[in-house]
Amino acid sequence: MKIRNAALTDLPYVYDICQRTAYNGQDASSVVTDPFILGHYYSAPYIVHAPDWCWIVEDDRGIVGYLVTTPDTRSHAAWMNNEWLPKVRALYANVSADPKWTDFEKWIRRYIYDDAACPDFTDRYPAHLHICLLPRGQGQGFGSSALKLFEEKLRHGGIAGYHLGMAEKNARAGEFYAKQGFQLIRHDPGVIYFGKKV
């Protein structure tokens, strides 16, 4: 196992892993026709904006997962809204609706037009993350090892805590976060928010 800081050259693999883990922790390839749209929101911008706050997990077969984070959710949201999302929206501005789109794909295609927002608990948990591992990388300690690197960096920077949002149907991820000491912040329709102090 190897965990290292992310680089722009990792982006093709990160987009692929995002697509293959984004549907309640399962492969979204059957429900989303565009292989990049999920990564445009949930993974790539973190690496573009602050690669030193992102990590890549590798095994002997190659890249198996990633941890993308921001130490400052408010700053990240502002950058997303001012710099990143306008460019993403331009990619899809002239795309006609396809009758093959699932409800899930319709949702993400609408979602990219919403500005990135900060939850009302951001002051208590100012950092946030997204972590995704392919099935072959799960259950081997990769995720917990990556989180330890992130938490060490947060403590060094004097950042008090972090949060994440999880699809409510992703039971396996919920079990993982419970083992890592996360506390339930709130359960909204479709999404559960967890936080952790460091």
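Residues numbered from 1 in each chain as written. Predicted model: local features only at pLDDT ≥ 70, side-chain atom pairs only at ≥ 80, totals over all residues. Heavy atoms only, no water.

1. Description of the pattern of salt bridges
Alright, step 1. Per the counting criterion, the structure on display carries 11 salt bridges.
Alright, step 2. Between arginine 20 and aspartate 16 there is a salt bridge; the shortest N-O distance is 2.9 Å. You can see arginine 20 and its partner aspartate 16 sitting in helix 1 (residues 11–21), four residues apart, about one turn around the helix.
Alright, step 3. Its relative accessible area of 35% is what places arginine 20 among the partly exposed residues.
Alright, step 4. As a salt-bridge pair, glutamate 105 and arginine 109 come within 2.9 Å of each other at their nearest N and O atoms. In this pair, glutamate 105 and arginine 109 are both assigned in helix 5 (residues 103–111), four residues apart and thus about one turn of the helix distant. Accessibility classification places glutamate 105 together with arginine 109 in one group, the buried group.
Alright, step 5. Each of Arg4, Asp10 and Glu58 takes part in one network of salt bridges that share partners. (Salt bridge = Lys/Arg side-chain N within 4 Å of Asp/Glu carboxyl O. Helix = DSSP H or I, 4+ residues; strand = E, 2+ residues; numbered from the N terminus. Buried < 20%, exposed > 50% of the residue type's maximum accessible area, 1.4 Å probe, protein only.)

2. So, the pairing of strand 2 (residues 54–59)
Sheet faces and side chains relate simply in a regular strand, where the side chains alternate between the two faces.
Alright, step 1. With six of six residues buried, strand 2 lies mostly within the body of the structure.
Alright, step 2. Residue alternation in strand 2 divides its side chains into two sets, Cys54, Ile56 and Glu58 and Trp55, Val57 and Asp59, and both sets are buried.
Alright, step 3. Summarising the sheet, strand 1 (residues 2–5) and strand 2 pair through four bridges and their orientation is antiparallel. When the sheet's bridge partners are listed, asparagine 5 is paired in strand 2 with tryptophan 55.
Alright, step 4. Here strand 2 runs beside strand 3 (residues 62–70); their pairing, made up of six bridges, is antiparallel. (Pairing = 2+ DSSP bridges.)

3. Here's the deal with the nonpolar core
Across soluble globular proteins, you tend to see nonpolar side chains buried next to one another.
Alright, step 1. Counting 37 residues, the largest nonpolar core has Val32, Ile37, Leu38, Ile47, Tyr66, Met80 and Trp84 as the members making the most contacts within it.
Alright, step 2. At the level of elements, helix 1, helix 2 (37–42), helix 3 (44–49), strand 2, strand 3, helix 4 (73–92), helix 5 and strand 4 (127–133) are the ones that each hand at least two residues to this core.
Alright, step 3. Ignoring sequence-local partners within four residues, the contact set of isoleucine 47 consists of Ala6, Ala7, Leu8, Leu11, Val14, Cys54 and Val68. (Core = buried A, V, L, I, M, F, W, Y, C linked by side-chain atoms within 4.5 Å. Contact = heavy atoms within 4.5 Å.)

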